[in-house]
4 protein chains.
Amino acid sequence: MKVGIINVSGYAGSELARILHSHPEVELASVTGRSAAGKRLGEIYPHLERLDLTITPDLTGSLDVVFSALPHAASAERVGPLVEQGVNVIDLSADFRLKDLSVYEEWYKVEHPCPQYVEDAVYGLTELHRTEVAPASLVAVPGCYPTASILGLAPAMKAGIIEPDIIVDAKSGVSGAGRGKFPYSEVNESVMAYSLDGHRHMPEISQELDRLDGSADVALTFVPHLVPMTRGILASCYAPLKKAAFASGDVAKARVREVYNDFYSDESFVTVVDEPPMTKHTLGNNCCLVYPTVDTRAGRLVVISCLDNLIKGAAGQAVQNMNLMLGYPEDEGLRQLAIYP
Amino acid sequence: MKVGIINVSGYAGSELARILHSHPEVELASVTGRSAAGKRLGEIYPHLERLDLTITPDLTGSLDVVFSALPHAASAERVGPLVEQGVNVIDLSADFRLKDLSVYEEWYKVEHPCPQYVEDAVYGLTELHRTEVAPASLVAVPGCYPTASILGLAPAMKAGIIEPDIIVDAKSGVSGAGRGKFPYSEVNESVMAYSLDGHRHMPEISQELDRLDGSADVALTFVPHLVPMTRGILASCYAPLKKAAFASGDVAKARVREVYNDFYSDESFVTVVDEPPMTKHTLGNNCCLVYPTVDTRAGRLVVISCLDNLIKGAAGQAVQNMNLMLGYPEDEGLRQLAIYP
Amino acid sequence: MKVGIINVSGYAGSELARILHSHPEVELASVTGRSAAGKRLGEIYPHLERLDLTITPDLTGSLDVVFSALPHAASAERVGPLVEQGVNVIDLSADFRLKDLSVYEEWYKVEHPCPQYVEDAVYGLTELHRTEVAPASLVAVPGCYPTASILGLAPAMKAGIIEPDIIVDAKSGVSGAGRGKFPYSEVNESVMAYSLDGHRHMPEISQELDRLDGSADVALTFVPHLVPMTRGILASCYAPLKKAAFASGDVAKARVREVYNDFYSDESFVTVVDEPPMTKHTLGNNCCLVYPTVDTRAGRLVVISCLDNLIKGAAGQAVQNMNLMLGYPEDEGLRQLAIYP
Amino acid sequence: MKVGIINVSGYAGSELARILHSHPEVELASVTGRSAAGKRLGEIYPHLERLDLTITPDLTGSLDVVFSALPHAASAERVGPLVEQGVNVIDLSADFRLKDLSVYEEWYKVEHPCPQYVEDAVYGLTELHRTEVAPASLVAVPGCYPTASILGLAPAMKAGIIEPDIIVDAKSGVSGAGRGKFPYSEVNESVMAYSLDGHRHMPEISQELDRLDGSADVALTFVPHLVPMTRGILASCYAPLKKAAFASGDVAKARVREVYNDFYSDESFVTVVDEPPMTKHTLGNNCCLVYPTVDTRAGRLVVISCLDNLIKGAAGQAVQNMNLMLGYPEDEGLRQLAIYP
């Protein structure tokens with residue numbers, strides 16, 4: 001199978017190239033870029049020199065699957081025609097994640113360039129939408145924050161054990177902001193919160209939590225923070241436990257773990273861990289580590305969830321979806337363990 | 001005035017030495033250490049070579065004020081006799097922070113060595129206990145997390161605009177754990193939550209929030225995180241706004257800012273800032289930066305508060321208290337601006 | 001083929017486990033540890049949980065190849081009997097690197113526990129000793145600094161274009177010191193030189209440079225530095241160009257590049273690069289990047305060489321040697337690209 | 001005395017502002033900026049909010065001393081007229097550092113805008129040019145790399161104990177490149193060499209070494225490296241010891257230390273240390289730490305020298321010069337100890 005990447009020059013694009021290079025079943029046949037067009041891929045990313053590819057302004061040749069790593073709006077414009085031609089498209093932008101066009105337009109301040117494909121696009125959080133992904137022709141890869149947050153909360157939400165009153169306090173490394181952002185001297189040795197008036201990943205999280213809750217009334221506060229590291233996202237999720245659901249204390253902790261273990265028992269890429277996880281344990285692999293517990297004094301569910309924002313939070317999850325769409329084992333090309341330390 | 005430091009060999013002790021060295025009104029006359037006794041201070045801390053002091057096993061000479069940077073329990077044992085002799089004591093350990101002995105003993109798993117002084121000891125969060133600090137002979141310097149958390153929540157708590165249902169998600173640099181902790185390779189490029197079953201700074205925060213609220217029923221979830229930086233704490237504080245208190249939206253934000261501006265209008269060391277602050281803006285100085293806002297969708301107060309854990313969160317605040325006790329200007333020796341970048 | 005690791009609990013051991021896990025031709029059948037014996041590997045290294053191995057005090061079962069990641073002296077003691085039994089041994093310690101026993105004993109301050117195997121042991125810098133490695137039964141994996149330094153200097157040394165008056169100024173991340181070393185707060189935001197009276201990797205570099213030079217008189221100054229990062233070594237190598245060898249200026253640069261390109265033209269794991277490389281371009285893979293140039297004003301060869309100290313500088317090079325010993329393609333299990341950024 | 005800063009918006013400018021704010025004898029009366037003109041200083045540097053200054057396009061009011069933190073060429077153009085008017089000028093750019101105009105023009109690729117002041121300008125490496133600085137009206141503050149390198153080599157050079165065949169391998173934090181440079185994700189966890197074809201600080205070092213050597217033939221190789229930290233420069237300096245100068249071994253080490261101790265015995269800001277120093281021990285203060293030793297096997301002097309590139313390597317040294325020019329104690333406003341850890 002031949003695959004292509006639109007806009008290989010950002011971090012999501014370059015990680016896609018790296019992962020696809022070692023995927024035994026596909027050939028990365030075409031990569032595009034804007035300002036980098038005409039250059040060899042190895043010129044802008046020396047670690048990819050061995051791929052021996054030249055960046056072109058447009059895709060070339062016949063392709064079975066196309067990944068788009070363009071920014072929102074630009075992505076929908078570019079992949080619309082491909083979808084029409086019947087090419088399988090996996091879009092890493094935000095364009096096809098939100099089912100409600102008015103929400104998209106409110107948060108992204110732009111008219112949707114391709115509204116006709118929104119309904120049929122599948123939200124590619126594989127663990128929650130596996131059966132829809134396989135037959136899909138357009139998959140929207142979730143954002144990095146939503147992947148960590150939703151995987152952290154889904155079992156509790158689905159099981160109905162928490163009130164729909166949720167706080168996600170997320171911590172991200174710098175690479176999530178894209179290539180060339182944040183000068184070292186002003187990020188290092190510092191932590192800050194940002195987007196306190198509302199981050200664009202919030203409505204995505206809300207949409208999925210509402211769906212899991214079967215309601216439309218989840219009150220969600222989402223506050224992202226920038227921490228001085230390159231990769232990794234850790235989401236700390238808080239919600240009141242429903243009083244009826246549990247007795248207090250250790251019983252609640254055990255019951256919550258059971259809910260989570262059951263929910264993820266068959267998953268290759270989500271692990272319910274016994275100790276609070278660190279992002280370093282996910283560096284370079286496609287896993288999300290989830291640690292659910294209970295603050296028994298306050299009667300609150302606390303879940304810590306973490307992943308590599310460029311892998312499970314972007315390129316890896318995109319390939320995971322591709323595997324389903326093409327009928328390969330879900331973890332093909334994604335079995336690499338984390339690099340530690 | 002002559003001052004001494006018990007246990008100068010940790011980071012709080014060494015920062016005390018550094019700050020006191022440049023304080024124009026006092027002379028650092030004696031520093032003690034255990035394993036380092038007999039060495040010159042400059043041998044264990046080369047940046048303090050100019051202080052020209054030798055570490056002794058016990059305090060020497062007559063001293064007007066003694067700082068203790070010993071661990072809990074060991075500290076109370078050591079300073080008890082000094083209090084009895086009428087020496088002013090400023091204790092950086094946890095021993096005299098908690099007014100309820102049973103809470104102390106539950107969280108610190110030790111019988112209090114000096115219970116007779118607990119009642120009269122003053123909780124040295126200067127901004128909230130200023131009038132008690134001045135005449136005190138024993139001041140308990142708050143923990144680093146509590147300083148950031150309580151300063152972040154105090155105005156809202158005092159004004160009665162939030163429900164007593166609070167989450168503090170705190171992020172700390174590594175120096176808070178003390179000297180020699182956390183190997184670089186396993187901390188760098190990683191974020192993790194810890195002490196999810198309860199951190200010892202929690203009861204301290206509860207005690208002060210209860211006091212401000214005039215109740216004893218604040219439900220507090222406190223989750224600390226370790227981030228890859230040396231200094232700095234950032235506390236993200238969440239609480240539901242009381243419905244009656246505010247209309248929604250921008251009115252709420254403005255009203256909250258007013259509450260905070262009023263509360264801190266006369267403070268030298270707490271600044272209500274207009275943009276979410278970064279810990280880097282406090283490096284090396286005694287300020288706490290507080291940014292209050294409202295998540296208008298969820299009706300929630302969100303406050304971001306940050307400081308240098310070794311200065312305002314430890315040694316600087318200790319000197320701030322000393323200044324009050326000795327009748328100096330509160331910011332004497334503490335006017336240094338942050339080092340940036 | 002079944003392989004075992006003695007002392008899996010350090011970083012070299014854990015990286016061996018990670019790499020061997022994804023090697024298609026071998027099975028990691030036994031891992032030992034001292035204090036960790038009895039624990040599951042995933043308990044001490046959560047990222048290795050999927051290997052599903054229990055750490056034992058001694059190797060178990062019949063093994064075709066054994067890696068030792070023990071410290072020097074302890075390693076020779078342990079692998080001696082294995083060599084005697086005819087097991088292929090790949091030793092990551094310093095015990096079999098130095099051919100001159102008196103040099104070993106001078107630098108390591110210990111009597112060699114197994115001197116009888118020193119002569120036949122092969123110094124496993126694969127690129128320089130490939131033909132000896134294949135038939136060897138005992139291979140000594142070079143140190144991380146020597147690998148970077150020797151690969152940086154070998155072509156020039158061999159070609160006889162430099163005077164034997166060499167300085168290697170090397171910069172290493174913290175993981176080279178082993179697990180649990182160097183507290184974060186005292187390493188971060190700092191650079192330092194160390195071992196200025198002589199580092200144990202120096203005689204190893206001397207031995208190989210002497211061999212390449214065909215003399216015994218290379219004057220080598222080797223100064224290692226600790227830089228605040230987890231992985232990576234960068235060696236900056238300096239030597240006077242022989243006057244006779246080159247005309248000055250751009251001719252010299254071009255000629256030097258030719259020498260290097262020729263020397264490494266058939267290598268999978270050494271790349272002569274066109275721009276000064278960064279250690280980040282080697283993170284997690286087995287490559288050494290070499291950039292040779294000339295300071296034409298001073299008539300000096302300058303070579304920058306870098307690699308991942310735990311891969312090409314330890315575990316990866318060990319597996320590269322194993323591949324040769326077992327007759328697999330030299331890059332089997334080692335084709336992974338660097339993780340960037 | 002009233003002082004002004006031209007171009008306060010870079011790191012050197014902001015550090016000048018911070019230091020001058022706490023200087024008891026001068027008032028910072030005017031600060032200029034280009035794109036930031038019209039803003040309050042606290043808007044672009046929140047940590048400087050307390051200075052209560054507005055950035056103007058041009059200097060305002062009558063000033064006794066003006067610091068220029070403009071880039072080269074732009075600086076000479078701007079300060080020329082001030083020098084003519086008799087204002088004391090301290091220039092942090094490269095414009096007045098090099099005495100040989102042709103060297104300046106070769107390295108900076110620009111015609112010198114103010115050649116008439118080059119001869120009388122004083123190279124403000126205070127320790128070497130103290131007597132010239134006091135009466136000067138135009139002082140050129142040395143670059144950060146030259147300050148560390150020259151202070152590391154000056155005693156040996158002056159004493160005539162080394163051959164004029166020198167290598168300086170320097171490691172710098174990121175702030176040296178100026179504000180907004182180097183995205184975090186591509187600098188963190190990485191080391192690289194740069195400017196291998198010649199760095200602009202090289203001729204400055206040559207000029208001063210030639211002067212100390214009394215010759216014009218020092219062969220200098222200078223290779224800077226970028227390390228992942230914000231502040232700090234560490235220069236590792238290598239030179240062959242003159243054979244006649246010393247017997248080998250420990251005698252040489254002791255003699256070298258004597259040379260260095262003598263040379264710097266009266267200096268406030270250069271300390272000859274007993275252990276290899278780390279840059280962290282200079283964070284935020286004006287000291288240069290120098291550690292001289294001998295590689296007795298190779299007969300080579302090795303000196304490690306380090307400082308805070310924004311203080312002793314820029315703003316602090318500028319203030320040190322100002323103190324001399326205005327007749328204040330040389331360390332006025334500069335007595336702050338390093339912030340550690």
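None of these values were measured; they are calculated from a predicted model.

A.B. asks: When you look at the overall build of chain A in this model, what are you seeing that I'm missing?
C.D. replies: Helices and strands together make up the secondary structure of chain A, namely 10 helices and 14 strands. Over its C-alpha atoms chain A spans a radius of gyration of 20 Å, differing by no more than 12% from the 20 Å that the globule rule assigns to 341 residues. With respect to the three principal axes, the spread of C-alpha positions in chain A is 65 × 45 × 40 Å. Classification of the 341 residues of chain A by burial places 65% in the buried group. Sequence-distant contacts, at least 24 apart, represent 70% of the contacts inside chain A between residues at least 6 apart. Looking at chain A, you have 28 positive and 43 negative side-chain charges, and the mean spots of the two groups are 5 Å apart.

A.B. asks: Teacher, can you tell me more about the relation of the copies chain A and chain B here?
C.D. replies: Each of the two chain copies goes to the other by way of a rotation about an axis and a shift along it. Overlaying chain A with chain B gives an RMSD of 0.0 Å, the required rotation being 180° about an axis along which the chain moves by 0.0 Å. In the structure described here, the two chain copies are related by an operation that fits a two-fold rotation axis. Comparing interface residues between copies, 100% of those in chain A also lie at the interface in chain B; the contact surface is shared.

A.B. asks: Looking at this structure, how should I read the packing of helix α6 (residues 144–159) of chain A against helix α9 (residues 250–263) of chain A?
C.D. replies: Residues and elements named next belong to chain A. The geometry of α6 relative to α9 is characterised by a closest axis approach of 9 Å and an angle of 105° between their N-to-C directions. Put simply, α6 runs roughly perpendicular to α9. Taking contact as the criterion, the partners of Gly-152, Leu-153, Ala-154, Pro-155, Ala-156, Lys-158 and Ala-159 in α6 are, on α9, Val-259, Tyr-260 and Phe-263. Of the residues in the contact of α6 with α9, the class split is 8 nonpolar, 1 polar and 1 charged.

A.B. asks: What is the right way to read the sheet that holds strand β14 (residues 300–307) of chain C from this model?
C.D. replies: Hydrogen bonds along the backbone pair up the strands of a sheet, which may run parallel or antiparallel. All names here are of chain C. A sheet is described by the order of its strands in space; here 7 strands give the open sequence β9-β10-β8-β11-β14-β13-β12, paired in mixed fashion. Looking at strand neighbours, the two that pair on one side only are β9 (192–193) and β12 (270–272), the edges of this open sheet. Pairing of strand β11 (residues 233–240) with β14 involves 8 bridges; the strand directions are antiparallel. When the sheet's bridge partners are listed, Leu-234 is paired in β14 with Cys-306.

A.B. asks: Is there a simple way to think about the relation of the copies chain A and chain C in this case?
C.D. replies: Note on the copies: chain A fits chain C at an RMSD of 0.0 Å, the axial shift is 0.0 Å, and the rotation between them is 180°. Mapped onto chain C, 100% of the interface residues of chain A are again interface residues, and the two copies thus contact each other with one and the same surface.

A.B. asks: Just checking my understanding: could you explain the pairing of strand β14 (residues 300–307) of chain A for this structure?
C.D. replies: Successive residues of a regular strand alternate their side chains across the two faces of the sheet. All names here are of chain A. Counting buried residues in β14 gives 8 out of 8 residues, a clear majority hidden from the surface. Side chains Arg-300, Val-302, Ile-304 and Cys-306 of β14 all project onto a buried face; the interleaved residues Leu-301, Val-303, Ser-305 and Leu-307 project onto the opposite face, where all are buried too. Note that strand β13 (residues 288–295) and β14 share 8 bridges and pair antiparallel. Within β14, the residue paired with Leu-289 across the bridge is Cys-306. Linkage of β13 to β14, two consecutive antiparallel strands, is achieved through a turn of 4 residues, within which Gly-299 is found at a positive phi near 65°.

A.B. asks: Mind showing me how you'd approach the confidence of the model for chain A here?
C.D. replies: The predicted coordinates of low-pLDDT regions are not to be read in fine detail. The predicted model of chain A has a mean per-residue pLDDT of 96, with 99% of residues at 70 or higher. Scoring of the predicted complex yields 0.98 for pTM and 0.97 for ipTM.

A.B. asks: Hey, could you run me through the pairing of strand β4 (residues 65–68) of chain B in this one?
C.D. replies: Residues and elements named next belong to chain B. Residue alternation in β4 divides its side chains into two sets, Val-65 and Phe-67 and Val-66 and Ser-68, and both sets are buried. By the bridge criterion, 4 bridges tie strand β1 (residues 2–6) to β4 in an arrangement that is parallel. Among the inter-strand pairings, Ile-5 is bridged to a residue of β4, identified as Phe-67. Examined bridge by bridge, β4 and strand β5 (residues 88–91) share 4 bridges and lie parallel to one another. Its bridge partner being in β5, Val-65 is matched across the sheet by Asn-88. The handedness of the β4 to β5 crossover, carried by helix α3 (residues 74–84), is right-handed.

A.B. asks: How should the pattern of salt bridges be read in this particular structure?
C.D. replies: Two side chains carrying opposite charge are able to pair once their charged atoms lie near each other. Under the criterion given, the structure shown has 80 salt bridges over all chains. We note a salt bridge from Asp-58 of chain A to Arg-78 of chain A, for which the minimum N-O separation is 3.1 Å. Of this pair, Asp-58 of chain A sits in the loop between β3 (55–56) and β4 (65–68) while Arg-78 of chain A sits in helix α3 (residues 74–84), placing them 20 residues apart in sequence. Overall, Arg-78 of chain A belongs to the partly exposed group, its relative accessible area being 28%. With its nearest N and O atoms 3.0 Å apart, the salt bridge here joins Arg-300 of chain C to Asp-165 of chain D. You can see Arg-300 of chain C sitting in strand β14 and its partner Asp-165 of chain D sitting in strand β8 (residues 165–172), one on each of two chains. Overall, the relative accessible area of 25% leaves Asp-165 of chain D in the partly exposed class.

A.B. asks: What's the story with the environment of Tyr-11 of chain C in this structure? I'm lost.
C.D. replies: Along the chain, the position of Tyr-11 of chain C falls in helix α1 (residues 11–21). With 277 residues separating them along the chain, Tyr-11 of chain C and Cys-288 of chain C place their C-alpha atoms 19 Å apart. Look past the residues within four positions of Tyr-11 of chain C in its chain and what remains in contact with it is Pro-341 of chain A, Ser-185 and Glu-186 of chain B together with Tyr-45, Ser-175, Gly-178, Arg-179, Gly-180 and Leu-310 of chain C.

A.B. asks: I keep staring at the interface of chain A and chain C and nothing clicks. Help me out?
C.D. replies: Bring the parts together and some accessible area is lost; that lost area is often taken as the interface size. Contacts between the two partners involve 31 residues from chain A and, on the opposite side, 31 residues from chain C. Counting the surface lost from both chain A and chain C, the interface buries some 2,400 Å², and carbon and sulfur atoms represent 61% of this. Inspection of the region where chain A meets chain C yields 8 residue pairs in polar contact (both at pLDDT 80 or more). Top element by residues in the side of chain A that touches chain C is helix α1 (residues 11–21) of chain A. It accounts for 5 residues. Tallied by class, the residues present in the side of chain A that touches chain C amount to 13 nonpolar, 11 polar and 7 charged.

A.B. asks: I'm lost on the domain arrangement of chain A in this one. Help?
C.D. replies: All names here are of chain A. You can read the domains of chain A as domain 1 (2–120) and domain 2 (145–309). If you look at the interface, domain 1 gives 13 residues, while domain 2 gives 14 residues. The largest contributions to the domain 1 side of the interface with domain 2 come from Tyr-11, Arg-97 and Trp-107, which together make up 51% of the buried area. On inspection of domain 1 and its partner domain 2, the count reaches 2 salt bridges. The tally of links from domain 1 across to domain 2 stands at 9 residue pairs in polar contact (both at pLDDT 80 or more). Partitioning the side of domain 1 that touches domain 2 into residue classes produces 7 nonpolar, 2 polar and 4 charged.

A.B. asks: What should I look at first to understand unusual backbone geometry in this one?
C.D. replies: Most peptide bonds take the trans form, and the phi angle of most residues other than glycine is negative. Residue and element names in this part refer to chain C. Along the chain, Tyr-340 connects to Pro-341 via a cis peptide bond; the corresponding omega equals 0°. Its location among the elements puts Pro-341 in the segment after α10 (311–326). Its identity is not glycine, yet Asn-7 carries a phi of approximately 70°, on the positive side. Counting through the fold element by element, Asn-7 comes out in the loop between β1 (2–6) and α1. Phi is positive for Asp-52, which is not a glycine, with a value near 55°.

A.B. asks: Mind showing me how you'd approach the interface of chain A and chain B here?
C.D. replies: On the chain B side, the residues contacting the 47 residues of chain A number 47 residues. A combined buried area of about 4,000 Å² lies between chain A and chain B, and 54% of that area is made up of carbon and sulfur atoms. For chain A, the biggest contributors to the area lost against chain B are Glu-189, Val-191 and Leu-196 of chain A; these three give 15% of the whole. A salt bridge links Asp-197 of chain B to Lys-253 of chain A; the nearest nitrogen and oxygen atoms lie 2.6 Å apart. Counting every contact that joins chain A to chain B gives 30 residue pairs in polar contact (both at pLDDT 80 or more). Those elements giving two or more residues to the side of chain A that touches chain B turn out to be β8 (165–172), α7 (184–187), β9 (192–193), β10 (219–226), β11 (233–240), β13 and β14 of chain A. Class assignment for the residues of the side of chain A that touches chain B results in 25 nonpolar, 10 polar and 12 charged.

Rules used throughout
- Residues numbered from 1 in each chain as written.
- Chains lettered and ligands numbered in written order.
- Predicted model: local features only at pLDDT ≥ 70, side-chain atom pairs only at ≥ 80, totals over all residues.
- Heavy atoms only, no water.
- Helix = DSSP H or I, 4+ residues; strand = E, 2+ residues; numbered from the N terminus.
- Rg over C-alpha atoms; globule rule 2.2 N^0.38 Å.
- Buried < 20%, exposed > 50% of the residue type's maximum accessible area, 1.4 Å probe, protein only.
- Contact = heavy atoms within 4.5 Å.
- Lys, Arg positive; Asp, Glu negative; His and termini not counted.
- Charge placed at Lys NZ, Arg CZ, Asp CG, Glu CD.
- Least-squares fit on C-alpha atoms with pLDDT ≥ 70 in both.
- Axes fitted to C-alpha atoms, helices over the stretch in contact; angles between N-to-C directions.
- Parallel < 35°, antiparallel > 145°, perpendicular 65-115°, else oblique.
- Nonpolar A, V, L, I, M, F, W, Y, C, P; charged D, E, K, R; others polar.
- Pairing = 2+ DSSP bridges.
- pLDDT = per-residue confidence, 0-100.
- Right-handed = clockwise from strand over helix to strand, strands pointing away.
- Salt bridge = Lys/Arg side-chain N within 4 Å of Asp/Glu carboxyl O.
- Buried area = accessible area lost by both parts, 1.4 Å probe.
- Polar contact = N/O pair within 3.5 Å; in protein donor to acceptor, adjacent residues only side chain to side chain.
- Domains from an automatic or database assignment.

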